[in-house]
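Here's the letter readout for the chains.
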Amino acid sequence: MAKRNDIKLGTHGEDYGNWMSTPVFYVFGGLAALALILAVVSFALLHIAGLGVLFTVAAAVLAILLCRFYRIRRQYAFGGGNIMENVHNGILSHLRYNGRGTLLDVGCGSGALSIRAALIWPEAKVIGVDSWGAMYGYSKALCEKNAASEGVDVRCEFRRGDANHLDIPDESVDAVVSNYVYHNIAGADRQALLLETLRTLKKGGAFTINDTMPPRLYGDMEAFVQKLRAMGYREVRLVDSSTEIFGSRFRAGALLLGNSKMLSGIK
């Protein structure tokens with residue numbers, strides 16, 4: 001097994017993208033430009049000072065948000081602040097997995113967590129599943145290209161799928177991970193998503209699922225932990241990843257990932 005901290009992804013020109021997606025900048029940049037144009041029109045053509053001031057303030061606020069998002073993007077970047085690498089290492093360090101058999105990564109994105117797992121456990125087969133929506137620009141082809149560049153493509157398989165109904169047989173994988181996925185799935189029952197993911201896990205298999213888990217989305221997770229224990233799951237823990245990985249809940253919140261928690265255990 002390779003040492004987690006010795007693995008540096010993206011050193012061969014791979015593209016792992018960024019948690020702060022590029023379309024965010026297009027949207028807020030476009031809105032800032034529009035507000036500025038409307039401010040000019042209000043002052044110069046319509047001669048409505050109040051409206052001009054309003055649009056000027058709006059443009060300034062949007063510009064400040066853009067600067068903040070840029071700083072956050074730098075913190076998340078591979079080769080930049082490396083926060084997401086720290087998150088991935090945190091997830092895999094809590095996974096009680098012996099590195100044999102199959103590991104499933106639900107919501108694999110650009111393949112970064114899947115590939116890191118394959119590099120850490122050289123005997124494992126890794127399956128990454130994602131719907132690859134348009135927001136981040138990720139794709140099956142990108143994951144495969146990244147895996148090939150890192151030298152683990154023969155052990156990594158990437159599939160299009162839906163976390164609500166995974167096309168994975170019951171009790172067929174030895175470990176399962178997921179990172180900041182389920183909070184993005186609109187209208188879903190997050191606890192049902194967790195159970196759907198855990199359905200794929202063999203008896204004795206390990207899981208670590210990290211996400212921002214506010215009660216309004218996830219409900220009572222302490223009660224869910226007790227439910228899993230009553231179902232026979234072992235060593236189930238809810239880890240405060242906002243403090244463990246980010247250093248504090250304040251810093252996690254400042255990076256837009258407040259309420260970060262990891263659900264970890266053995267089936």
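Participant: Would you take a moment to explain the packing of aromatic side chains for this structure?
Facilitator: Each pair of aromatic rings is reported with the distance of its centres and the angle of its planes. Under the definition given, this model contains six aromatic pairs. Between the aromatic rings of Trp19 and Tyr180, the centroid separation amounts to 6.5 Å while the plane-to-plane angle is 65°, which identifies the pairing as edge-to-face. Separated by 161 residues along the polypeptide, Trp19 in the segment before helix H1 (22–44) and Tyr180 in the loop between strand S4 (173–179) and helix H6 (190–199) bring together distant segments of the chain. Here Tyr180 falls in the buried class, since its relative accessible area comes to 5%. Pairwise contacts between aromatic rings join Trp19, Tyr76 and Tyr180 into one cluster.

Participant: Looking at this model, I keep getting lost on a nonpolar patch on the surface. Mind explaining?
Facilitator: Together, Leu45, Leu46, Ile48, Leu51 and Leu54 make up a nonpolar patch on the protein surface, roughly 470 Å² of accessible area in all. In this fold, Leu46 is placed in the loop between H1 and helix H2 (49–76).

Participant: Explain the side chain of Ser242 here, please?
Facilitator: Assignment of secondary structure puts Ser242 in helix H9 (residues 241–244). In this structure Ser242 touches Gly247, Ser248, Arg249, Ala252 and Ser260, once residues within four positions along its chain are discounted.

Participant: I would appreciate a short explanation of the pattern of salt bridges in the present structure.
Facilitator: Between side chains of opposite charge, pairing is possible as soon as their charged atoms come close. Within this structure, the stated rule accounts for 11 salt bridges. Between Glu85 and Arg116 there is a salt bridge, with the nearest N and O atoms lying 2.7 Å from each other. With Glu85 in helix H3 (residues 83–93) and Arg116 in helix H4 (residues 112–120), this residue pair connects regions lying 31 residues apart in the sequence. The closest approach of N and O atoms between Arg234 and Glu235, which form a salt bridge, is 4.0 Å. Taking the relative accessible area as the measure of exposure, Arg234 reaches 42% and is therefore partly exposed. Given the relative accessible area of 44%, Glu235 is considered partly exposed. If you follow the salt bridges from partner to partner, you end up with Arg96, Arg234 and Glu235 in one network.

Participant: Would you mind showing me how to read the sheet that holds strand S5 (residues 201–212) here?
Facilitator: Pairing between the strands of a sheet comes from backbone hydrogen bonds, and it takes one of two forms, parallel or antiparallel. In space, the seven strands of this open sheet follow the order S3-S2-S1-S4-S5-S7-S6, with mixed pairing throughout. Each edge of the open sheet is held by one strand with a lone partner, namely strand S3 (156–160) and strand S6 (234–239). For this sheet, the mean inter-axis angle between neighbouring strands, taken without regard to orientation, is 15°. Looking at chain direction, S4 and S5 are connected through six bridges and run parallel. By the bridge assignment for S5, Ala175 is matched with Ala206.

Conventions used here
Residues numbered from 1 in each chain as written. Predicted model: local features only at pLDDT ≥ 70, side-chain atom pairs only at ≥ 80, totals over all residues. Heavy atoms only, no water. Phe/Tyr/Trp six-rings, centres within 6.5 Å; stacked < 30°, edge-to-face > 60°. Helix = DSSP H or I, 4+ residues; strand = E, 2+ residues; numbered from the N terminus. Buried < 20%, exposed > 50% of the residue type's maximum accessible area, 1.4 Å probe, protein only. Patch = residues over 30% accessible without salt bridge, like charges linked within 9 Å, V, L, I, M, F, W, Y side chains within 5 Å. Areas by Shrake-Rupley, 256 points an atom, 1.4 Å probe, with all protein chains shown as cover. Salt bridge = Lys/Arg side-chain N within 4 Å of Asp/Glu carboxyl O. Contact = heavy atoms within 4.5 Å. Pairing = 2+ DSSP bridges. Axes fitted to C-alpha atoms, helices over the stretch in contact; angles between N-to-C directions.

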